[in-house]
Structures are given as C-alpha cells and as structure tokens.
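# Secondary and tertiary structure notes
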Amino acid sequence: MTIRALHVASELYPLLKTGGLADVAGALPPALIERGADVRVLLPGFPAVANGLADLRTVARLDHPLLGSRAGLQHSAHATLELGTLPANGLSVYMIRDDALYDRPGNPYLDAQHVPYGDNAERFALLGWTAAQLAQHADPAWTPQIIHAHDWHAGLAPAYLRAAERRHGRRLAHTVFTVHNLAYQGVFPAQTFDHLALPADFFDMHGVEFYGQLSFLKAGLYYSDRLTTVSPTYAREIQTLAQGGGLDALLRGRTHDLTGILNGVDYGVWNPATDEALAARYTRSRLAGKRACKTALQERFGLAQKSDALLFGVVSRLTEQKGLDLLLGALPEIVSRGGQLVVLGTGDPALEAGLLRVAHAHPDAVAVERGFDEPLAHAIVAGSDVIAVPSRFEPCGLTQLYALAYGSLPLVHRVGGLADTVVDASLENLADDLATGFVFERFEPEALGGAIRRAFALHARHGEWKDAQQRAMRQDFGWGASAQRYLDLYRALVQEPAAA
Ligand code: ADP
Ligand code: GLC
C-alpha cells in the first residue's frame, strides 16, 4: 500500500536554508519516495520558494480565519495554495502564497535587525492551518494520510487537525511531529491565541498553553500521534529536567510515542568524489585531491601555506548552542602548536567580534568569514583536517557527518547526535579500528583541550591519521535506514483502528 505523507516545514534545501532542518526537509522526502511512499511538502511562500519552484499552479483559494494580531498588521484573510515541483528532482511542493505574510527578503524568521517578525505567530499558524486543510481535501486530487510536521513552525498543524476532526467527528489523518531543536519553542503571548481560530479549550495545560503563554512546539508535542527527534541520544536527553526545556515532563509522559531517528546525509550533495565546489575531487583511496583542497583553502583565507599545519574548520550558526565560545578560549593552544583555524558563520555579534579579534592578531593562522555560503561550506569541510563541532547540545548535527564523508575528522562534544556518530581516537578505539574523530566528555576547557591535543598527537602519526580518515569516509550515514524507520512509523499509524 502506498502511503501519502505531507511534510510541513519552513525551509528546504536547495530553495531556502538557514540550518540542518533545510537539509533534512530536502533529503528525507525523496528518500521516502524512493522506498515507495507518496510524499509531498508544504512550505510558506517565501520569495526563495516562490521563485525556485517550477510549474506553479493554483490548487485552491484559502479563506482562512486567522487575523493579524497587531494594529496595522491586519492581513487579508485570503491566501492561495499552489503546487509546483522542485526542478532538481521533481519533488511536489505545495506553497502558501500570501504576500503580506511571506514576501519579505532575507531570513525567513527575522527582520533586517535580526529581530523576529512581530507577526510570526500568524505567519506560521497559517502553515499549520493549511496542512490541516490539505487533510480536508483542499487539493481534491491529493489528500495526505500522514501529516509530518517539523519543528515549532509547523507545530500547530496537529492542533488544527484535531480541531477539524472534532468538527467532523472522525479521524482525518495521522500526525508525526519531529523535534529538530527543542531550544526553539515558538512561544507567544497568551493573547495571540485569540487570533488563531482554535477551539477555546485548546488553551490549556493539556493543550497549547505553556506557563501562561502559547507554545507552538508544545502544540506539536501534545497533539501529534507520534513524536520523533533526530538522534537516539537527544531523544533521551530531552526527557531530562536539565535538557527538556520545560517540556521534559510532557515528553516523559509520551516516552512510548517518542523515538530518536538519526538524520542522514544526502550523498548526492555531499560527496568529495563529485563535489563541484571543491578545488579538486577525491576518494578514500585517492586522497591527493584533499591535499589540494587544503592548499586552496589556506590560499583563499590568506593563511600560511603549510601542508603540515593541522587545519581546523568550523561551519556553523554562531549561537550559544554551538559552543564556539569554548573553542575561542582554546585558540591560543591551537595557534601555539602550529595549528590553523578557518571559521564560516554568522550570528551572535559578540562571538563574531571575539573570533575576528583572534584572526586579526594571527592572520596567518586564523581566518573568519561572516556569512552564509554553501559552496564555501563545502570547500571548508573538504580542505580542513579537523571539523570542530563543540556544541553545548546538538539534536543531531549534520556538519560532523559531512566531515566524516570528506575525511575531515570531527572534533565534538559528547552530546546528542554527536555522541551517536563520532568515535574518539582513544588508544583502545584506535587499536580496535573504531576511531573516527575526537570526542570530549565535559563542556569544559580542559576536556576540549584534551581532545585538541589528541588531534595533534594523531596528526603526527601519518599512517594512523590516514587510517582514521579512511575509516571516517567508510561510514555510511545515508538516509536509507532512517527513511525506512519513518516509513515503518507511518505504516503502523495508518494500520491503527480509526478512533473518532
Ligand atoms: P543546525 O541545524 O543546528 O544549524 P546542523 O549541523 O544540523 O546544525 O546543520 C547545519 C547546516 O547548515 C549544514 O548543512 C551546514 O553546512 C550549514 N551551515 C551552517 N552555517 C553555514 C554557513 N555560514 N554557510 C553555509 N552553510 C552553513
Ligand atoms: C537542528 C539541530 C541540528 C539538526 C538539524 C536537523 O537545527 O540543531 O542538530 O541536525 O536540526 O535535524
């Protein structure tokens, strides 16, 4: 039986990307389709989406009941549902066209001052509401059996669906909610609820209410049939008081509905043998190209052209989560040992400034580029010896998986998906042919310093370093196994008896 599933998300690579969510939204649906599912995606009609989709046609007019919550932001209640295809692979993508809400340049969530848009509740409520409309035949030609919502932006989809099911007196679709990051909860003032046209009794501790406010994330966690997150370790971590972001009790209560399914890598996009963004291509048996990538990277950033300098790379959002403040503290040690560092990222101005200060002090060893640059991200992952991901917490993390594929050994904090995917180069792991990177236990300077010293020590032993690189490149984190697990989840759901 073919299962029809609608993925609901706010970004999708290659149309629009601010982080790993886009990579997952772009790669998981095709992987499910490859395994026989009938999958479509629903996105807000941001400019990059409207401009990037091919063959767009109107499917339905959406007369929605959502109101702008601020004076002067009284939106029209008319949007259109359009269906197009992703030119790269023909994926069917629905898009909500509502120019008042979505036609804004730049970041999909933040204005030019990096402040969240004042009407984000309505912007993303419409996403959830439209998903529920699709389960009510908004497109007469295609109705999903599964609504698979990602992160807080899509958190109201299961709530609107539940409200519709109450009106219809029967189940309309089954819901899966995936937490990519519990730190972003979509919390809004209580009065926002009045504009969302949800049943009044949904504003409850057993519902969308979260300590007196409205939480989109909680809505997703509360109203969905099944919950997933993006690694097994993170699935355990978010059920603890320390890492549950105030939602741990809810998550512990739903422990039997919650699974951790590791993200995969789209090896069509991240493959050093075919990557057009690299100065040279390479494979694990022909690593010469990787050396050329390192030289090109040192040149690109004006670093000393030393082939034996241990080159650390970072490609990251510069936020508290990513732990780069800890790395900043370790830079003197890296530099004094003759190492180098290249950083690509944007975010926290204080962190940007701190990194830039070190770069100015050591221009031949440290370079920082602010911005979001997909080809440069590939060039850094390929040209570095080590990719550092010292995150405080990390639901899955894709960068370390890309690093493995490119033979750049990841240096990571042992949390979340990082703990599930990288094996430390301890003596015993090296002896057992298991080591693929450097893992530190505690989020403390001494622990990070120890991992950095292990990296230098291994790098000095050329043969063992090469063995670890080749082992890293042999790891298979493709989508196959994970897509199959999502599919099994969908199958189990559609076979459940349809309770009213
Ligand atoms: P997160 O989603 O928390 O940001 P992930 O490791 O899951 O972390 O995914 C990050 C994705 O965003 C990767 O594809 C990475 O290459 C990309 N990325 C992050 N920062 C940048 C940047 N400044 N320029 C280009 N790509 C970036
Ligand atoms: C989030 C997480 C990251 C994860 C990504 C995709 O942005 O921070 O760890 O890999 O989502 O699931």
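Residues numbered from 1 in each chain as written. Chains lettered and ligands numbered in written order. Predicted model: local features only at pLDDT ≥ 70, side-chain atom pairs only at ≥ 80, totals over all residues. Heavy atoms only, no water.

## Quick notes on the overall build of the protein
The secondary structure content of the protein amounts to 18 helices and 18 strands. Since a compact globule built from 500 residues should have a radius of gyration of about 23 Å, the 23 Å found for the protein is in line with a globular shape. Along the first, second and third principal axes, the C-alpha atoms of the protein reach 70 × 50 × 45 Å. Counting contacts in the protein only where the partners sit at least 6 residues apart, residues at least 24 apart contribute 71% of the total. Entry remark: accessible area of the protein is about 19500 Å², with carbon and sulfur atoms responsible for 52%. Placing the 44 positive and 53 negative side-chain charges of the protein at their respective mean positions leaves the two points 3 Å apart. (Helix = DSSP H or I, 4+ residues; strand = E, 2+ residues; numbered from the N terminus. Rg over C-alpha atoms; globule rule 2.2 N^0.38 Å. Contact = heavy atoms within 4.5 Å. Areas by Shrake-Rupley, 256 points an atom, 1.4 Å probe, with all protein chains shown as cover. Lys, Arg positive; Asp, Glu negative; His and termini not counted. Charge placed at Lys NZ, Arg CZ, Asp CG, Glu CD.)

## Focus on the site of ligand 1
Close contacts around ligand 1 come from 20 residues, with Lys 17, Gly 20, Asp 23, Arg 317 and Gly 371 the closest. Contact between ligand 1 and Lys 17: an oxygen atom at 2.8 Å from a side-chain N or O atom of the residue. Within the side chain of Asp 23, an N or O atom sits 2.7 Å from an oxygen atom of ligand 1. Against a free-state accessible area of 560 Å², the protein chains account for coverage of 93% of ligand 1. Going through the elements one at a time, helix H1 (20-34), strand S13 (311-318), strand S14 (340-347) and helix H13 (399-405) are the ones with two or more residues in the shell around ligand 1. With three residues, S13 is the largest single contributor of residues to the shell around ligand 1. (Near = heavy atom within 4 Å. Polar contact = N/O pair within 3.5 Å; in protein donor to acceptor, adjacent residues only side chain to side chain.)

## A look at the pairing of strand S1 (residues 4-8)
Most of S1 is tucked away, with four of its five residues classed as buried. Sheet analysis places S1 next to strand S2 (residues 38-44), joined by five bridges and oriented parallel. Bridge pairing links Val 8 to Leu 42 in S2. The parallel pair S1 and S2, bridged by H1, forms a crossover whose chirality is right-handed. Relative to strand S6 (residues 146-150), S1 runs parallel, the two being bridged by four bridges. In the strand pairing of S6, Ala 5 is matched with Ile 146. (Buried < 20%, exposed > 50% of the residue type's maximum accessible area, 1.4 Å probe, protein only. Pairing = 2+ DSSP bridges. Right-handed = clockwise from strand over helix to strand, strands pointing away.)

## Quick word on the pairing of S13
For S13, the buried fraction is high: six of the eight residues fall into the buried class. In this sheet, S14 lies alongside S13 in parallel orientation, the contact comprising eight bridges. Pairing of Leu 318 across the sheet is with Gly 347, part of S14. Bridging between S13 and strand S16 (residues 386-389) involves two bridges; their strand directions are parallel. Opposite Phe 312, over in S16, you have Val 386 as the bridge partner.

## Concerning the packing of helix H10 (residues 324-336) against helix H16 (residues 445-459)
Interhelical geometry of H10 versus H16 gives an angle of 45° and a closest axis separation of 10 Å. Overall, the two elements H10 and H16 adopt an arrangement that is oblique. Crossing geometry of H10 relative to H16 is assigned as right-handed. Taken together, the residues of H16 that come into contact with H10 (itself represented by Leu 326, Leu 327, Ala 330, Glu 333 and Ile 334) are Pro 445, Leu 448, Ile 452, Arg 453 and Phe 456. Residue classes in the contact of H10 with H16 are distributed as eight nonpolar, no polar and two charged. (Axes fitted to C-alpha atoms, helices over the stretch in contact; angles between N-to-C directions. Parallel < 35°, antiparallel > 145°, perpendicular 65-115°, else oblique. Left-handed = near helix turned anticlockwise from the far one by under 90°. Nonpolar A, V, L, I, M, F, W, Y, C, P; charged D, E, K, R; others polar.)

## Here's the deal with the nonpolar core
Counting 97 residues, the largest nonpolar core has Leu 32, Phe 312, Leu 411, Phe 438 and Tyr 490 as the members making the most contacts within it. Residue-level mapping places this core at the junction of two domains, with at least three residues from each of domain 1 (4-264 + 480-494) and domain 2 (288-476). Residues Leu 15, Ala 163, Leu 214 and Tyr 223 belong to the second largest nonpolar core, which totals 78 residues. (Core = buried A, V, L, I, M, F, W, Y, C linked by side-chain atoms within 4.5 Å. Domains from an automatic or database assignment.)

## So, the packing of aromatic side chains
Working definition: an aromatic ring pair is given by the centre-to-centre distance plus the angle between the planes. All told, the structure shown has 17 aromatic pairs when counted by the stated rule. On the numbers, 4.9 Å between centres and 85° between planes, the contact of Tyr 222 with Tyr 223 is edge-to-face. Under the relative-accessibility criterion, Tyr 222 is labelled partly exposed at 30%. By way of ring pairs, the aromatic residues Phe 46, Tyr 102, Tyr 109, Phe 124, Trp 152, Phe 188 and Phe 216 are connected into one cluster. Taking NZ or CZ as reference, Arg 104 lies 4.7 Å from the ring centre of Tyr 117, over its face. The residue whose ring lies beneath Arg 300 is Phe 301, and the NZ or CZ to ring-centre distance is 4.9 Å. (Phe/Tyr/Trp six-rings, centres within 6.5 Å; stacked < 30°, edge-to-face > 60°. Lys NZ or Arg CZ within 6 Å of the ring centre and 35° of its normal.)

## Quick look at the sheet that holds S13
Spatial ordering of the open sheet is given by S15-S14-S13-S16-S17-S18, a layout of six strands whose pairing is parallel. Every other strand in the sheet has two partners, leaving strand S15 (366-370) and strand S18 (438-440) as the edge strands with one partner each. Ignoring strand direction, the axes of neighbouring strands in this sheet form an average angle of 15°. Sheet topology places strand S17 (residues 409-413) next to S18; three bridges connect them, and they run parallel. Directly across from Val 412, in S18, lies its bridge partner Val 439. Strand contacts of helix H11 (residues 349-361): S13, S14 and S15, with the helix running at about 145° to S15, the strand carrying the most contacts.

## Some remarks on helix H17 (residues 462-474)
An α-helical turn contains 3.6 residues, so a residue and the one three or four places further along point in the same direction. Look at H17: 18 Å from first C-alpha to last across 13 residues, which is about the 18 Å you get at 1.5 Å a residue. Residues of H17 that are buried sit in contact with helix H9 (288-300), S16, H13, S17, S18 and H16. (Expected span 1.5 Å × (residues − 1).)

## Notes on the site of ligand 2
Near ligand 2, the surroundings consist of 14 residues, among which His 180, Asn 263, Glu 394, Cys 396 and Gly 397 are the closest. Taking Pro 395, its main chain carries an N or O atom lying 3.5 Å from an oxygen atom of ligand 2. The protein chains hide 93% of the 310 Å² of surface that ligand 2 would expose on its own. Residue contributions to the shell around ligand 2 peak at three residues, all from H1.

## Focus on the layout of surface pockets
Sizing a probe to match a water molecule and rolling it over the atoms shows the empty space that remains. Roughly 410 Å³ of internal volume is contained in the second largest pocket. Per element, the largest residue contribution to the lining of the second largest pocket is five residues, and it comes from H9. Taken together, the residues that form the lining of the second largest pocket break down as three nonpolar, seven polar and six charged. (1 Å grid on protein atoms, 1.4 Å probe; cavity = no way out; pocket = protein on both sides within 12 Å on 5 of 7 lines; lining within 4 Å. Points joined across faces, edges and corners; volume = space filled by probe spheres on them.)

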